[in-house]
Each structure stands twice: as C-alpha cells, then as structure tokens.
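# Chain and residue survey
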Amino acid sequence: MAVDSVCEKDAKALQFIQEMTANADAVQEKVLAEILSRNAETEYLRRFGLGGSTDRGTFKAKVPVITYEDLQPEIQRIADGDRSAILSAHPISEFLTSSGTSAGERKLMPTIQEELDRRQLLYSLLMPVMNLYVPGLDEGKGLYFLFVKAESKTPGGLLARPVLTSYYKSDHFKTRPHDPYNVYTSPNEAILCPDSFQSMYTQMLCGLLMRSDVLRVGAVFASGLLRAIRFLQLNWCLLARDIAAGTLNSKITYPSLRDCMSKILTPNPDLAEFIVGECSGENWERIITRIWPKTKYLDVIVTGAMAQYIPTLEYYSGGLPMACTMYASSECYFGLNLEPMCKPSKVSYTIMPNMAYFEFISHGGDSVDPPPRRLVDLADVEVGKEYELVITTYSGLCRYRVGDILRVTGFHNSAPSFKFVRRKSVLLSIDADKTDEAELQKAVENASSLLKEFNTSVVEYTSYADTRTIPGHYVIYWELLAKDAADPLPGEVVERCCLAMEESMNSVYRQGRVADNSIGALEIRVVKSGTFEELMDYAISRGASINQYKVPRCVNFTPIVELLDSRVLTARFSPAAPHWTSDRRG
C-alpha cells in the first residue's frame, strides 16, 4: 500500500492503517486490557471471577465462549430498563438490531455512545484507500442509495434499530464536515425519509439531475442497487416529467423533502428528453454507464449471499469494477478491503485490530461449545484455513460467536486478511434477511397444515433464492402426495400456503416484504411425483453416496434448478403481504 504523493489527510489515514497492522498482536493485547479494565466491575465479568485481571490467559481460561441465546437473559433485563452495569460499565445507549434472528425475533446488540466514534474512524479510512486506486474522486459526486429503516423502543425506553439507521441519524453523519471525496447527490433529507418510495424517488431524481457529476454509484448491498435500477424502470416516466417541468410529483408529501427539492429542481426539458430516450426502450444493458457516463466503479457489497447478483450488475453496468470496501455487522465493525478494485471473487478484508478483541474458532463443524484450545488469536490464524469469528467488544459482548465463517487469504503486515465465506446456518437470503433450515422447516409445516382438508401432504421440499426477479424472492419446490391424485389441488389453496409460509418467516423477512420492498412475494412451485427421486439419482450420478444422501433444503446449482423447473406442474405466488409492524413483536 503505497503512501507516496497523497494529500496530507490521506497520508495520516494510511499511516494509521500501517501502525495498527504492524503490531496487530500488541494492539489486540492493549484492546483486551482496556475492555477488561473498564468493565471489571460489571455483573457479567464478576460472575467469572477475573478479580480485575486484564491478563489474556486468565480471560481465556475463565470466560466462556457464548452465543446470543446464552446472553439473552442479560439483554432482556437491559431492554426492560435495568440500568445497572450488567455487560458494560458505560451506559448502553441503544440496541442495534441484527439481521440474524433468534426464535424468529431480531437479535438486540447492545452498544455504547463511543462506538459511533469507532465506526466513524473506520469510515474515515475508506476513501484514502480508494484514492490510491482511483484518481480524481474529489472532482465529482457519489450516487448512493441509502435508507433508514423502522426503529422501535424496548419496554425500558431504549431505541432498537439497524446499525446503519443509527449511523445515518447520528450527528456523525448529519453534520459531517465537508469532504470533497465524500459528496453525495442525495441530500440528508432524502436519506432520512422513512417512507421507502419517497426516499428512493427523491434520491433517484437527484441522481438524474446531477448525472454529469456522478463518479461512483452504490448502495450498501448489491440487492439495493438493483432495486434502484428496477425503480427507475418502473418510474422513469414520472421522473422525466418532474425534470421537464421543474416540479415535484405530488406523491412526495414530506415537507422537508418538498422544501429540499424546491431548491434543486428547475425545468430541464433536454435532460428529460435524454432520460426518456434511454429508458423507454427495452434494452437496459449498460444503463448505469449510459445515464451516468463518468462512473468509475460500483460501491456495493457483493460477497457472501450478495455474490448471486454479480452477473445482473455486470449487465446493467457494462462490467464496471465492483468495490467492496468494508466488513461490518451490528455487533462490531471489523475491517476494510485494502485492494478495493480487485475482482469480487478476490475480495479480502483486513481486520483492524483496534476495533475489538478478536478470536477464531478453527471451523470444522457446528458444535455449540467448542473446546477452548481450538480458539486462536488474530495474529495466529493460518493462511488457507477457515474460522468462525468470536469477538469481545467495548460494549460488553465477551467471547461472542458472530456466526461468520471466514477464510484467511494472507496478511497485511501482521494483521490477517479474510475472505467472507458465509453466514453459519443461513439457508436463504435475498437482502438483509437470513432464513435458516429450522425456520424454513417450520414455515413448510405451518403451510402444509392447510392441505389436510384436501387429503394432501408435502412429501419433499427444497428451496431456491431467485434473484432473476427484482426484488428477488423465495421459491419453494413442493412434491405432494394426494389421496385422490385425479383431483388436483386448487390454485388458490397453494396461494394460501404461500402466504402461510410468509407469515411464519422471521420479522426481518416480513419487514423486507412489507416496509422495505426488498423481497418479492414467495412462490411455491408444485413438481411432479417422483421429482425428488430424480434429484437423488442426479446427485448419485455426480458421486454422492446413496447411504448418506439427504435432500438439500436449498439448491443453487443451475442443473438442479433446471431439473426441478422442468418438472413443475403449477406455480403460485403469495396473494398478499404478511403481517408486520415496527415494534419488536414484529
């Protein structure tokens, strides 16, 4: 990472990265000592008899590795209003809601006020790194589709909301100092608007009005950027009309948005005509570079489950580079990609050792409580091996299993770089949703109960995240056994089963369906009798053991999807959106 010929501000940021990664283990030891020292009198640490010790060996010998379920009683007490030093000596300022779920409910991650400073620090390193690879980013703007999501309050009065909503609503974001490398086309009023349609509409409108200034296009996830493109496909006519007349569509009702846009909108018939010309045809290949011709790269996460969107993004962008800049979660911000212009398949994130204390379980299975000897420190991981991430944070999470599986790809100085492999136990994911096998099984069971009156049952099932549609949606393949095979199941019954499955999904899924429009209606495809036997025959022909074969509960291998689709008798979608409210009960 060369630091020559960069501005002074960037040079300081790059030097900080060098310092943190040069002595990763020493930084880690200091971070753990700080966490243990400040939280020594918390109820949680006192339980394990550390006696105020900040020694790493003592900590590892006495404090157990835990999951969210282990911590749930303490988290519930904090949520109910207990303000004593349970997990953290500093007051819990709010809960960050994780997209992972526990018993169908969002996980609540405690955080403290100073974590905003830590997150902001990591954000401040992104553009200095990017500037090493892409020159001239201070000469234009970024078109980013950023959104806030619903928030609620716990019984004890603490806010519970997604980590990015917390950041966008903070003064760190709202009153951020001007930085020529970080100018967005979207005004804060548009980003902070809670109505997803009005927010998207005004952000897209601003992006079109400033098309000649846009140098990078992005969203948090690849799925979010594709939703923006789909939004343009559906609404270009309205947007062009507003641009031509210099007026704002009456569907935009928030006063702050109308006031903000009145300062930006002026009649521009030429731009409107250009948009009509580009968007009215059927060919949307390279639409991003056709409308925003100066775009140098896409800034989106395309690792993990988001990799499924890469071909579609390549189609719409004409093969622009895709930069995955950082690795973060509700529990903790972890690190950054020091080679952001690499191919998506090569993306690795270097862990910043000042963010938290990191340990790693050598990944060889899904045992809940691994022997402590299997945990290794940040500096001791081995290239090529896979690990599950365990964190100890300033906010009070101690030896907490995040559930991310990472593969070590190398080292930057003495800090390892990791490729994100997958979320542990996640079966289906379209956007921020994560559905595991148990949740899918429960949903199938609940829906199949509707078939009893028709003397029909589900013999076998599997699933598939169909991202060819925008937004993507869950596809469930059912093979049915009917007492009277000559009397096919009515289509409306299958539709009711679709909705019953959706009602059984966790609140993150249902919010995506109802409030965020990030997930499409669930689809059940009923396949011919014997289809799953054919599936087994295919797997065995490819080397699977007949004795150990199990029906996969999720498929993504194209030949298998094609086999299933070739046997479909009927396909039906959920006829309505499932129930969802913004309170914690979801």
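Going by the structure above, here's the rest.
An account of the accompanying structure is given in this report. (Residues numbered from 1 in each chain as written. Predicted model: local features only at pLDDT ≥ 70, side-chain atom pairs only at ≥ 80, totals over all residues. Heavy atoms only, no water.)

## Here we look at helix α11 (residues 222–245)
In plain terms, the rule: Comment: elements are numbered from the N terminus, with helices defined as DSSP H or I runs of at least four residues and strands as E runs of at least two. Multiplying 1.5 Å by the residue count of a helix minus one yields the expected span of that helix. Here the bend at a residue is taken as the angle between two axes, fitted respectively to the seven residues that end there and the seven that start there.
Taking 1.5 Å as the rise per residue, α11 with 24 residues should run 34 Å; its terminal C-alpha atoms sit 32 Å apart, in good agreement. Along α11, the largest kink reaches about 70° and is centred on N235. Looking one or two residues past α11, G246 carries a phi angle of roughly 75°, positive in sign.

## So, the nonpolar core
In globular proteins that are soluble, nonpolar side chains generally tend to be buried together. What counts is decided by this rule: Among buried residues, those of type Ala, Val, Leu, Ile, Met, Phe, Trp, Tyr and Cys that are joined through side-chain atoms within 4.5 Å constitute a nonpolar core. Throughout, exposure labels follow a simple rule: accessible area from a 1.4 Å probe, protein chains only, divided by the maximum for the residue type, with under 20% read as buried, over 50% as exposed, and the rest as partly exposed. By the convention used here, residues are in contact when the closest approach between their heavy atoms is within 4.5 Å.
Grouped together as the largest cluster of nonpolar side chains are 162 residues, with contacts concentrated most on L232, F358, W478, M501 and I524. Counting residues per element, this core draws most heavily on α11, at 12 residues. Setting aside residues no more than four positions away along its own chain, M501 makes contact with L440, A443, V444, A447, I476, W478, L522 and I524.

## Looking at the pattern of salt bridges
To keep things clear, this is the line we draw: What counts as a salt bridge is simple: a side-chain nitrogen of Lys or Arg found within 4 Å of a carboxyl oxygen of Asp or Glu.
Enumeration according to the criterion identifies 34 salt bridges in this entry. With a closest N to O distance of 3.2 Å, K169 and E151 form a salt bridge. In this pair, K169 sits in the loop between α7 (163–168) and α8 (171–174) while E151 sits in the loop between β3 (141–145) and β4 (152–153), placing the two residues 18 residues apart along the sequence. With a closest N to O distance of 2.9 Å, R525 and E523 form a salt bridge.

## Digging into the packing of aromatic side chains
So the rule is basically this: Ring pairs are drawn from Phe, Tyr and Trp, using the six-membered ring of Trp, whenever the two centres fall within 6.5 Å, and their geometry is named by plane angle: stacked under 30 degrees, edge-to-face over 60, tilted for the rest. For a lysine, the NZ atom is tested; for an arginine, the CZ atom; a charge sits over a ring if that atom is within 6 Å of the ring centre and within 35 degrees of the ring normal.
A full pass over the atoms with the stated rule returns 19 aromatic pairs. Summarising the aromatic geometry, the rings of F360 and F418 are spaced 5.0 Å apart at their centres and angled 20° between planes, so their arrangement reads as stacked. With F360 in strand β12 (residues 357–362) and F418 in strand β16 (residues 415–423), this pair connects stretches of sequence that are 58 residues apart. Through pairs of rings, three or more aromatic residues link up here, namely Y123, Y167, Y168, F173 and Y333. One residue, R176, lies across the ring of F173, its end atom 4.1 Å from the ring centre.

## Digging into the sheet that holds strand β6 (residues 214–221)
Note the following rule: Strands pair, by our definition, only if DSSP identifies at least two bridges between them. An axis is simply a line fitted to the C-alpha atoms; with a helix, the fit covers only the stretch in contact. Between two such axes, the angle follows the N-to-C directions and lies from 0 to 180 degrees.
A sheet is described by the order of its strands in space; here four strands give the open sequence β3-β6-β7-β8, paired in parallel fashion. Each edge of the open sheet is held by one strand with a lone partner, namely β3 and β8 (322–323). As paired elements, β6 and strand β7 (residues 297–301) share four bridges and run parallel to each other. Bridged to V217 within β7 is L298. Along the sheet, helix α10 (residues 196–209) contacts β3 and β6; its crossing angle with β3, the most-contacted strand, is approximately 160°. Taken strand by strand, α11 contacts β3, β6 and β7, and its axis lies near 120° from that of β6.

## Considerations on the environment of T154
Our working definition: A 3.5 Å cut-off defines polar contacts: any pair of N or O atoms within that distance qualifies, except that in protein one atom must be a possible hydrogen donor and the other a possible acceptor, and neighbouring residues in sequence count only when both atoms are side-chain atoms.
Locating T154 in the fold gives a position in the loop between β4 and β5 (159–161). The exposure class of T154 is buried, given its relative accessible area of 4%. Each C-alpha atom, one on T154 and one on A228, is 32 Å from the other, the two residues being 74 residues apart in sequence. Looking at T154, its side chain comes within polar contact range of the main-chain oxygen of A79, at 2.8 Å.

## Some thoughts on the pairing of β3
Summarising burial for β3: four of the five residues are buried, a large majority. Looking at chain direction, β3 and β6 are connected through five bridges and run parallel. In the strand pairing of β6, G142 is matched with R216.

## Some details on helix α16 (residues 437–448)
Its 12 residues give α16 an end-to-end C-alpha distance of 16 Å, which sits within 8% of 16 Å, the value for a rise of 1.5 Å per residue. Two or three places before A438, at the opening of α16, D436 has a side-chain oxygen 3.2 Å from that residue's backbone nitrogen.

## Quick word on the environment of K442
With respect to the helices, strands and loops of the structure, K442 is situated in helix α16. When its relative accessible area of 46% is taken as the criterion, K442 is described as partly exposed. Taking the C-alpha atoms as reference, K442 lies 48 Å from N131; in sequence the two are 311 residues apart.

## Quick look at the sheet that holds strand β11 (residues 349–351)
The pairing of strands in a sheet comes from backbone hydrogen bonds and takes either a parallel or an antiparallel form. With respect to topology, eight strands assemble into an open sheet ordered β9-β10-β11-β16-β15-β14-β12-β13, the strand pairing being antiparallel. Single-partner strands in this sheet number two, and they are β9 (326–328) and β13 (375–377). Averaged over neighbouring strand pairs, the angle between their axes works out to 45° when direction is ignored. Note that strand β10 (residues 333–336) and β11 share two bridges and pair antiparallel.

## Quick word on the packing of α10 against α11
Note the threshold: An angle below 35 degrees is treated as roughly parallel, one above 145 as roughly antiparallel, one from 65 to 115 as roughly perpendicular, and anything else as oblique. Left-handed describes a crossing whose near helix is turned anticlockwise from the far helix through less than a right angle; right-handed describes the clockwise counterpart. In this classification, the charged set is Asp, Glu, Lys and Arg, the nonpolar set is Ala, Val, Leu, Ile, Met, Phe, Trp, Tyr, Cys and Pro, and all remaining amino acids, among them Gly, are polar.
Relative orientation of the contacting elements α10 and α11 amounts to 70°, with a least axis distance of 9 Å. By the criterion of interaxial angle, the relationship of α10 to α11 is roughly perpendicular. Once α10 is placed against α11, the crossing between them reads as right-handed. Side by side, α10 and α11 meet where F197, M200, Y201, M204, L205, L208 and L209 of the first sit next to R227, A228, F231, L232, N235, L238, L239, D242 and I243 of the second. Residue classes in the contact of α10 with α11 are distributed as 13 nonpolar, one polar and two charged.

## Here's the deal with the environment of D436
Residue placement: D436 occurs in strand β18 (residues 435–436). Between the C-alpha atom of D436 and that of L499, which follows or precedes it by 63 residues, the distance is 18 Å. Those residues in contact with D436 that lie beyond four places of it in its chain are S425 and L427. At 2.8 Å, the side chain of D436 and the backbone nitrogen of E439 are in polar contact.

## Remarks on unusual backbone geometry
Leaving glycine out, the prevailing phi sign among residues is negative, and the prevailing peptide bond configuration is trans. Cis peptide bonds are those with omega within 30 degrees of zero, and the linkage from I470 to P471 qualifies with -5°. With respect to the helices, strands and loops of the structure, P471 is situated in the loop between β19 (456–466) and β20 (473–482). Here the phi dihedral of R286 falls at roughly 60°; this positive angle occurs in a residue that is not glycine. Overall, R286 belongs to the partly exposed group, its relative accessible area being 43%.

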